[in-house]
Amino acid sequence: MTALAGATPDALWATSLRRWNTVCWLLFAVMAVGLVAIDRPGESKYVALVLLGGVVLSYAVLDRFPANPVVRPHVYLSVLVVALGGLAYLRGNYAALFMVTLPHYWMFGRTPKASMVFLGLATAATLAATVLRQDGWTVEFFTETLVSTVLVVAVGALIGLWAHSVVGQSAERARLITELEATQAELSEAHTRQGAADERERMAREIHDTLAQGFASIIVLAEAARAGLGSDPARSAQQLRSIESTARENLAEARELVGSPQRPGQAAAGSVAQTLRRTLDRFAEDTGLTVDADLADLECDQQTRIALLRCTQESLANVRKHARASTVGVVLARQPYGVELEITDDGTGFVVESSSGFGLDGMRKRLAELGGRLTVTSSLGDGTRVLALIPPATAESGVSA
């Protein structure tokens, strides 16, 4: 409703304004009773009642209907200026009304400039009316009326300017707090979306590294078994057993992914060398390729074991699907700069820069989470070398980067 009252969100200000409004209504009532009961009948009495009634009516409408198109805040202040001047001319007891309504110029002024203008008009009107009532510039006017009025107006102006400054700062703080809350809400929502995206990416990587690879292996084994049913039944039977074993492992992986979403893909018990050895033996049995392995017996945390196992499985899956190799070499060693896993093949190779696929990206991200890195070296006709490195501090403690 007002520049001062409407801008402040502080409960203290709202309470103070309500109390001041109560004082105004009490003053209006006392002045009305005094005019009716004490003053002698006459034209000045009725004019004073009309002026006071105009102020009360304008204030009541403004208080009840802040957006009223007729009695707007500046209209009320104009009525107050006229009433104060009229009461000052008719009688000398206008001072109480002037002082009590002094905050209204700051409450209802749209800007500090407008407040000062209306306050100046009220001051000028009361002083001019007093001069007219006293028939000129008397000593009493200069020593009492002028000095007291200027002091009251000066103090009121200083308090009003200070209040505008405080309210402006409060409004700015409220705006900044609102913006901060909105920013925090947006940031929280962004973190939620990013967390959901990260979780989807993690689950996609786990599914690719476990279930998808298992299904791909089942398809290859099933095709080979079907092709050899007539010529090599024993080999086909072995491949069928591998299919069964792979399917059971996939089923266990699927149950683990559903049942323990925060810790999927747990590596089998035992050292990392034993885990990789079982994977390499299964690969050699399924593909018939020669596998040369040099696996150091290392003690690693579970995250490192899983990362090394997944890198090995992905690399072997790529050899099975793309390399057309005859020999695969795997070396696991602890170096001064960390745990190193090297997988090589003598296959057809590929152009690393032009390659695309989820597997290599998944290995890079998995190693990056542990502070490690993946290096892939290959060229057409010269085979492929995959080198995975995990820093020693991460490999020993399991604290991801």
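Keep in mind it's a predicted model, so treat the numbers as computed, not measured.

**Comments concerning helix α2 (residues 43–64)**
Here α2 is 22 residues long and its end C-alpha atoms lie 31 Å apart, about the 32 Å a rise of 1.5 Å per residue gives. Taken as a whole, α2 has its buried residues at Lys45, Ala48, Leu51, Leu52, Val55, Ser58, Tyr59 and Leu62.

**Some thoughts on the packing of helix α10 (residues 302–323) against helix α11 (residues 358–369)**
It is at 10 Å that the axes of α10 and α11 come closest, and there the two elements cross at 165°. Our classification of the angle between α10 and α11 gives roughly antiparallel. Here α10 and α11 pass one another in a crossing that is left-handed. Here Ile306, Ala307, Arg310, Cys311, Glu314, Ser315 and Asn318 of α10 lie close against α11, whose contacting residues are Gly359, Leu360, Met363, Arg366 and Leu367. Residue classes in the contact of α10 with α11 are distributed as six nonpolar, three polar and three charged.

**A look at the pattern of salt bridges**
Within the structure shown, the criterion is met by six salt bridges. Here Arg175 ties to Glu172 by a salt bridge, and the two come within 2.3 Å at their closest N and O atoms. Of the two residues, Arg175 and Glu172 both sit in helix α7 (residues 139–227), three residues apart, roughly one turn of that helix. Between Arg385 and Glu342 there is a salt bridge, and its shortest N-O distance comes to 2.5 Å. Highlighted residues: Arg385 in strand β5 (residues 384–390) and Glu342 in strand β3 (residues 338–345), separated in sequence by 43 residues. Classification of Arg385 by relative accessible area gives partly exposed; the value is 30%.

**Describing a nonpolar patch on the surface**
A surface patch of nonpolar side chains, amounting to about 330 Å² of accessible area, comprises Val155, Ile159 and Trp162. Its place among the elements puts Trp162 in helix α7. Trp162 sits in the exposed class, given a relative accessible area of 53%.

**Side note on the packing of aromatic side chains**
For the coordinates displayed, the defined rule picks out four aromatic pairs. Ring centres of Trp25 and Tyr59 lie 5.3 Å apart, and the angle between their planes is 55°; this geometry places the pair in the tilted category. Taken together, the positions of Trp25 in helix α1 (residues 11–37) and Tyr59 in helix α2 put the pair 34 residues apart, joining distant regions of the chain. Ring geometry for Phe28 versus Tyr59: centroids 5.9 Å apart, planes at 75°, classification edge-to-face. Here Tyr59 lies in helix α2 and Phe28 lies in helix α1, a separation of 31 residues in the sequence. A residue is classified by how much of its surface remains accessible, and Phe28, at 4% relative accessible area, is buried. Taken together through their ring pairs, the aromatic side chains of Trp25, Phe28, Tyr59 and Tyr76 make up a single cluster.

Calculation notes
The residue numbering used here restarts from 1 in each chain and proceeds along that chain's sequence as written. Owing to the predicted nature of the model, reporting of local features is limited to residues with pLDDT of at least 70; listing and counting of side-chain atom pairs is limited to 80 or more, with chain, interface and lining totals taken over all residues. Calculation of side-chain values draws on the structure's entire complement of heavy atoms; hydrogens and water are dropped beforehand. By definition, any uninterrupted DSSP run of H or I lasting at least four residues is a helix, any uninterrupted run of E lasting at least two residues is a strand, and each is numbered from the N terminus. Helix span, expected: 1.5 Å multiplied by one less than the number of residues in the helix. The rule is simple: take the accessible area with a 1.4 Å probe, protein chains only, and divide by the maximum for that residue type; under 20% is buried, over 50% is exposed, in between is partly exposed. Axis lines are fitted to C-alpha atoms, over the contacting stretch for helices. Their N-to-C directions set the angle, which ranges from 0 to 180 degrees. Roughly parallel means an angle under 35 degrees; roughly antiparallel, over 145; roughly perpendicular, 65 to 115; everything else is oblique. If you view the pair so one helix is near and one far, a crossing is left-handed when the near helix is turned anticlockwise from the far one by less than a right angle, and right-handed when it is turned clockwise. Contacts are assigned to residue pairs with any non-hydrogen atoms lying within 4.5 Å of each other. Asp, Glu, Lys and Arg are counted as charged, while Ala, Val, Leu, Ile, Met, Phe, Trp, Tyr, Cys and Pro are counted as nonpolar; the rest, among them Gly, fall into the polar class. Salt bridges are defined as contacts in which a side-chain nitrogen from Lys or Arg sits within 4 Å of a carboxyl oxygen from Asp or Glu. Patch membership is restricted to residues that have no salt bridge and whose relative accessible area is over 30%. Joining uses 9 Å for like charges and 5 Å for the nonpolar side chains Val, Leu, Ile, Met, Phe, Trp and Tyr. For the area figures, the Shrake-Rupley method with a 1.4 Å probe applies, and any residue is considered shielded solely by the protein chains shown. Stacked, tilted and edge-to-face are the three classes applied to pairs of Phe, Tyr and Trp rings, where Trp contributes its six-membered ring and a pair requires centres within 6.5 Å; stacked means planes under 30 degrees apart, edge-to-face means over 60, and tilted covers the rest.

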